[in-house]
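Coordinates in review
Chain by chain, the residues run as shown.
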Amino acid sequence: MLNIVIFGPPGAGKGTQSQLLVEKYKLAYISTGDALRAEMAAKTALGLEAKALIDQGQLVPDQMVIDIVQNVIIARQSSKEVEGILFDGFPRTVLQAQALDRMLEHTGSAISCMVSLDVPEKELIERILIRAKTSDRSDDNEETITKRLNEYLLKTKPVAEYYIAQGKFREVNGLGSIEEISDRLISVIDECH
Ligand code: AMP
């Protein structure tokens, strides 16, 4: 099994690169951000609770996303069509990372590596503001971006340390063309399984 976490601040290009990686390595894909937006669009109770936080640029409670991921892991367990899972936007806290390890352990598997996209802050803000013109994401505006970046630095960046300690952290330069960046990702992923 090839289980990968794609990591980096908002606007680093995780979603774009994920599409290429999923195809290349035949992976199931879970984006907790996409899952939460689907709940918001369907106006479920969970979606409404999430929306209040997402619109403020804050993280949703750990257990909310852990439950979403748990359901996907269970569903994938019985599928023979995929060769692993790509996690995008999860784990975002050390508690989530610990929960992910336990969930995978139950299925006899583990994270192969975390690949991190390194992009300077100024570039991130520019990219998100460009994305805001075409996306209908309620959190893609200048005020919320600053809050999302703060949440990232405070709560999510320490997750890298968790994978460094396990020898599973790999960082690539997230600047350049989509193809250049995916080539860099592929060369580190090929080395980690
Ligand atoms: P994303 O699409 O990954 O940028 O996620 C959009 C928003 O959803 C984030 O700013 C958070 O408010 C929320 N979110 C997504 N994934 C998580 C997670 N793993 N933990 C907490 N909040 C999350």
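Scroll up for the structure.
Being a predicted model, the structure only gives us computed values, none of them experimental.

How each quantity is defined
Residues numbered from 1 in each chain as written. Predicted model: local features only at pLDDT ≥ 70, side-chain atom pairs only at ≥ 80, totals over all residues. Heavy atoms only, no water. Helix = DSSP H or I, 4+ residues; strand = E, 2+ residues; numbered from the N terminus. Expected span 1.5 Å × (residues − 1). Buried < 20%, exposed > 50% of the residue type's maximum accessible area, 1.4 Å probe, protein only. Contact = heavy atoms within 4.5 Å. Phe/Tyr/Trp six-rings, centres within 6.5 Å; stacked < 30°, edge-to-face > 60°. Disulfide = S-S within 2.5 Å. Axes fitted to C-alpha atoms, helices over the stretch in contact; angles between N-to-C directions. Parallel < 35°, antiparallel > 145°, perpendicular 65-115°, else oblique. Left-handed = near helix turned anticlockwise from the far one by under 90°. Nonpolar A, V, L, I, M, F, W, Y, C, P; charged D, E, K, R; others polar.

1. Details of helix H9 (residues 178-191)
Its 14 residues place the ends of H9 20 Å apart at the C-alpha level, agreeing with the 20 Å of an ideal helix rising 1.5 Å per residue. Among the residues making up H9, those that are buried are Ile181, Ser182, Leu185, Ile186, Val188 and Ile189. Packing partners of the buried residues in H9 comprise strand S1 (4-7), helix H1 (14-25), strand S4 (113-118) and strand S5 (169-173).

2. Focus on the packing of aromatic side chains
For the structure shown, the criterion picks out two aromatic pairs. With centroids separated by 5.9 Å and ring planes inclined at 45 degrees, the aromatic side chains of Phe7 and Tyr152 adopt a geometry described as tilted. A residue pair is termed long-range when its members are at least 10 positions apart, and Phe7 in strand S1 and Tyr152 in helix H7 (residues 142-156) qualify at 145 residues. Tyr152 carries the same exposure label as Phe7, and that label is buried.

3. Some thoughts on the state of the cysteines
A complete count under the given rule lists one disulfide for this structure. With its sulfur 2.3 Å from that of its partner, Cys113 forms a disulfide with Cys192. Because the torsion about its S-S bond is -40 degrees, the bridge between Cys113 and Cys192 counts as left-handed. Taken together, the residues Cys113 in strand S4 and Cys192 in the segment after H9 connect sequence positions 79 residues apart. Like Cys192, Cys113 is buried.

4. Regarding the packing of helix H6 (residues 121-134) against H7
Two numbers describe how H6 lies on H7: the axes approach to 11 Å, and their chain directions differ by 140 degrees. Considering their axes alone, H6 and H7 lie oblique with respect to each other. Regarding H6 and H7, the two cross each other, and that crossing is right-handed. Facing H6, whose interface residues are Glu121, Leu124, Ile125, Ile128, Leu129 and Arg131, H7 presents Glu142, Ile145, Arg148 and Leu149. Of the residues assigned to the contact of H6 with H7, the class counts are six nonpolar, no polar and four charged.

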